[in-house]
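A look at the structure
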Amino acid sequence: MAQTSKPTLALVLGGGAPNATLMAGALVALTEAGVAFDIITASGAGAIVGLLYAAPKQGDAISALSKLADMGVSDPIYNLFPVNYKVFNKPGLLADAWRTMQARNPLLQAIQQQADSGPAQRLLADWTSLMMASLCPSGLSSDSQGLCAHVPFIEQIVDFDKLKDIQPEFYLNAYNITHGLMRCWDKREINHDHFLAALSFPFIYPPYQLEDGYYIEGAAIDTLNFKRLFELHPHIDYTIVFDVLGSDKLLHPPRDLYDAWVQSIIVPLTAIARDDLKLFQALHNRDEDGRPRTEVLKIDFEDQLNPEGQREQLDWSYSNLDRLYQTGYQAGKKACQQYARQFGL
């Protein structure tokens, strides 16, 4: 009897930083069920999720992804000061030296290591981080190209050397503003610098310089990276897309100026992602012979979200990121039931 080949399965991880824990929760549910991917492509904040899944520095994918909500700020602090000082750091050489000093301070590190022991320990760790962030010097000026320093913590949680040897193919995109073209690096090329280039969202981070020019976040131009994926792989049996939240769900009267600013960034990204998905399915999901290039399987997050929490879905509070993680986890479990045949379960 002739053996049928195993269907190819691709995972597409798009942008939208506060919603990264949605993707992380869904990916944990799929991993626990035994779903394995042949191809992973990431853009923007999806790169953090994809790299934690593919090449975590400590532990396995499930433990690394389950800790992603720790990027959030303890609620008592966030309610008074709704800014994620843990992710968005001050720029400048003196600020870099200050953070290096923090990383070498055994007392500060001991406090941070206890953060996941409970709410009180998390509050202490986040309060300590706030004090250190407040005292940190800044090089920000009217001549700066971005508000923040590039993400400083990625090498602490991702093993880029391990990435080269993982089984699935892995792609990461970024846009070269020097030459006006999109780049898509594979797992054999991607290192710390490529990640920083791929997460350099305009205004928040300055463009990142590599050997061939300056780069900004690929998700700002191509949120789902479909074009390059299907140039490299003309046919993929099933492509999983973690459906982004619709702009109609995210828009609300801003609670303050910061909330308005976050909406101004995220809402266009989600609208672009949905348009890209519709355009791909309507116009580009056919090869030269008219056959579908892939069957798109969407994981629906909105079905699992509590409507009462819509105003907080872009918050960086710990409770919101943890709630989004649990929502993503439930959406992933539902997808395992819905797509059991396609996933080979």
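Before going into details, it helps to say that this report is about the structure given with it.

Definitions and limits used
Residues numbered from 1 in each chain as written. Predicted model: local features only at pLDDT ≥ 70, side-chain atom pairs only at ≥ 80, totals over all residues. Heavy atoms only, no water. Phe/Tyr/Trp six-rings, centres within 6.5 Å; stacked < 30°, edge-to-face > 60°. Lys NZ or Arg CZ within 6 Å of the ring centre and 35° of its normal. Helix = DSSP H or I, 4+ residues; strand = E, 2+ residues; numbered from the N terminus. Axes fitted to C-alpha atoms, helices over the stretch in contact; angles between N-to-C directions. Parallel < 35°, antiparallel > 145°, perpendicular 65-115°, else oblique. Left-handed = near helix turned anticlockwise from the far one by under 90°. Contact = heavy atoms within 4.5 Å. Nonpolar A, V, L, I, M, F, W, Y, C, P; charged D, E, K, R; others polar. Pairing = 2+ DSSP bridges.

Tallying each qualifying case throughout the model produces nine aromatic pairs. By the ring-pair criterion, three or more aromatic residues cluster together here, those being Phe 88, Tyr 205 and Trp 316. It is Arg 122 that lies over the ring of Tyr 318; its NZ or CZ is 3.6 Å from the centre.

Turning to unusual backbone geometry, a few remarks are in order. The bulk of non-glycine residues show a negative phi, and the bulk of peptide bonds are trans. Phi at Phe 203 takes a positive value of approximately 80°, unusual for a residue other than glycine. As for its placement among the helices and strands, Phe 203 is situated in the loop between α10 (192–198) and β5 (208–210). A positive phi is found at Asn 225, a non-glycine position, where the angle reads about 55°. Relative to the helices and strands, Asn 225 is located in the loop between β6 (213–217) and α11 (226–232).

Between two packed helices, the angle of one axis relative to the other and the distance separating the axes together describe the packing. Here helix α6 (residues 106–113) crosses helix α7 (residues 119–135) at 140°, and the two axes come no closer than 8 Å. It follows from the interaxial angle that α6 and α7 lie oblique. Every pair of crossing elements has a handedness; the one defined by α6 and α7 is left-handed. Seen from α6, the contacting residues are Leu 108, Ile 111 and Gln 112; seen from α7, they are Leu 124, Ala 125, Thr 128, Ser 129 and Met 132. Residues belonging to the contact of α6 with α7 are distributed by class as follows: five nonpolar, three polar and no charged.

Here His 233 is to be found in the loop between α11 and β7 (238–242). Residues contacting His 233, with those up to four places away along its chain left out, are Ile 39, Glu 169 and Tyr 171.

What follows is about the pairing of strand β4 (residues 181–186). In the sheet, strand β3 (residues 169–176) pairs with β4 via six bridges, with the strands oriented antiparallel. In the sheet register, Leu 172 faces β4, and the bridge partner there is Trp 185. With antiparallel pairing between neighbouring strands as the criterion, β3 and β4 make up a hairpin whose turn holds four residues, including Gly 180 at a positive phi of roughly 65°.

Take the packing of helix α1 (residues 20–32) against helix α14 (residues 318–338) next. Here α1 crosses α14 at 40°, and the two axes come no closer than 6 Å. Here α1 is positioned oblique relative to α14, judged by the angle of their axes. The interaxial crossing formed by α1 with α14 has right-handed handedness. Contacts between α1 and α14 involve Thr 21, Leu 22, Ala 24, Gly 25, Ala 26, Val 28, Ala 29, Leu 30 and Glu 32 on the former and, on the latter, Leu 321, Leu 324, Tyr 325, Thr 327, Gly 328, Tyr 329, Gly 332, Lys 333 and Cys 336. Class assignment of the residues belonging to the contact of α1 with α14 gives a composition of eleven nonpolar, five polar and two charged.

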